[in-house]
Amino acid sequence: MLRVVTIGVYGFDWASFLHRLRDADVRLLLDVRQRRGVRGAEYAWANSRRLQAALADAGIAYEHHPELAPTTELRTLQYAEDDRQGVGKRSRRELAAEYIQRYTTEILDDADLTSIVSALPTNGTAALLCIEAEPAACHRSLITERLTKQHDIPTEHLRPPAR
């Protein structure tokens, strides 16, 4: 049975991130970020090259799916809404309605999820990776919603440990 989880970077260190992946039996990590770097020394482990090397050491396959990443224009739209609401990317709780609509029509409606689904591990789990701790504040929740609706794939959102 195919299964997908999502995970963000914020709120994790490498050890707790890997622990969550292992607990969910993740065999494949699908990186859906446009830019695969993360600001802040505490998140250096999540920068693309370091992350790929650490995942390889842990026996977890890695794929980058830039076709599922929001464009710079869409991210800028969300940042403007964050500014209007007085929240930052690390504290955002939800996506702007216009962002959701435009991401859906401009990115998700054109994405070939069937080819991604056909490459998912049948033994173990696949994880969608982005930045935000809160899934509803990230496009990965829109991707998993579509995977569930169109392909009947159960999804779960992995959250960072409580601090």
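See the structure above.
Quick summary incoming for the structure in this document. It should be emphasised that the depicted structure is a prediction, and the values quoted were computed from it without experimental measurement.

With the rule as written, the count across this model stands at 11 salt bridges. When the shortest N-O distance is used, the salt bridge between Glu 81 and Arg 84 registers 2.7 Å. Here the residue Glu 81 and the residue Arg 84 both occupy positions in helix α3 (residues 72-85), the gap between them amounting to three residues, near one helical turn. Given the relative accessible area of 63%, Arg 84 is considered exposed. With a shortest N-O distance of 3.2 Å, Arg 92 and Glu 132 are connected by a salt bridge.

Taken as a whole, this structure holds six aromatic pairs when the rule is applied. When the ring of Phe 12 is compared with that of Phe 17, the centres are 5.7 Å apart and the planes differ by 85°; the resulting orientation is edge-to-face. Ring geometry for Tyr 99 against Tyr 103: centres 6.1 Å apart, planes inclined by 5°, an arrangement best described as stacked. Here the residue Tyr 99 and the residue Tyr 103 both occupy positions in helix α4 (residues 97-106), the gap between them amounting to four residues, near one helical turn. Side by side, Tyr 99 and Tyr 103 carry an identical accessibility label, which is buried.

On a regular strand, one side chain projects to one face of the sheet and the next to the other, so that they alternate. Taken together, the four bridges between strand β2 (residues 26-31) and strand β3 (residues 61-64) define a ladder with parallel strand orientation. Bridged to Leu 28 within β3 is Ala 61. With helix α2 (residues 48-58) bridging β2 and the parallel β3, this β-α-β connection has right-handed handedness.

Let's shift gears to the sheet that holds strand β1 (residues 4-7). If you walk across this open sheet you meet the five strands as β3-β2-β4-β1-β5, and the pairing is parallel. The outermost strands of the open sheet, each flanked by one partner alone, are β3 and β5 (155-158). Strand-to-strand twist across the sheet, computed as the mean angle between neighbouring axes with direction ignored, equals 25°.

Moving on, we come to the packing of α3 against α4. The geometry of α3 relative to α4 is characterised by a closest axis approach of 9 Å and an angle of 170° between their N-to-C directions. Classified by the angle between their axes, α3 and α4 sit roughly antiparallel to one another. The handedness of the crossing between α3 and α4 comes out as left-handed. Contacts between α3 and α4 involve Glu 73, Leu 74, Arg 75, Leu 77 and Gln 78 from the first element and Glu 98, Tyr 99, Arg 102, Tyr 103 and Glu 106 from the second. The residue inventory of the contact of α3 with α4, partitioned by class, reads four nonpolar, one polar and five charged.

How each quantity is defined
Residues numbered from 1 in each chain as written. Predicted model: local features only at pLDDT ≥ 70, side-chain atom pairs only at ≥ 80, totals over all residues. Heavy atoms only, no water. Salt bridge = Lys/Arg side-chain N within 4 Å of Asp/Glu carboxyl O. Helix = DSSP H or I, 4+ residues; strand = E, 2+ residues; numbered from the N terminus. Buried < 20%, exposed > 50% of the residue type's maximum accessible area, 1.4 Å probe, protein only. Phe/Tyr/Trp six-rings, centres within 6.5 Å; stacked < 30°, edge-to-face > 60°. Pairing = 2+ DSSP bridges. Right-handed = clockwise from strand over helix to strand, strands pointing away. Axes fitted to C-alpha atoms, helices over the stretch in contact; angles between N-to-C directions. Parallel < 35°, antiparallel > 145°, perpendicular 65-115°, else oblique. Left-handed = near helix turned anticlockwise from the far one by under 90°. Contact = heavy atoms within 4.5 Å. Nonpolar A, V, L, I, M, F, W, Y, C, P; charged D, E, K, R; others polar.

None of this, on its own, says anything about what the molecule does.
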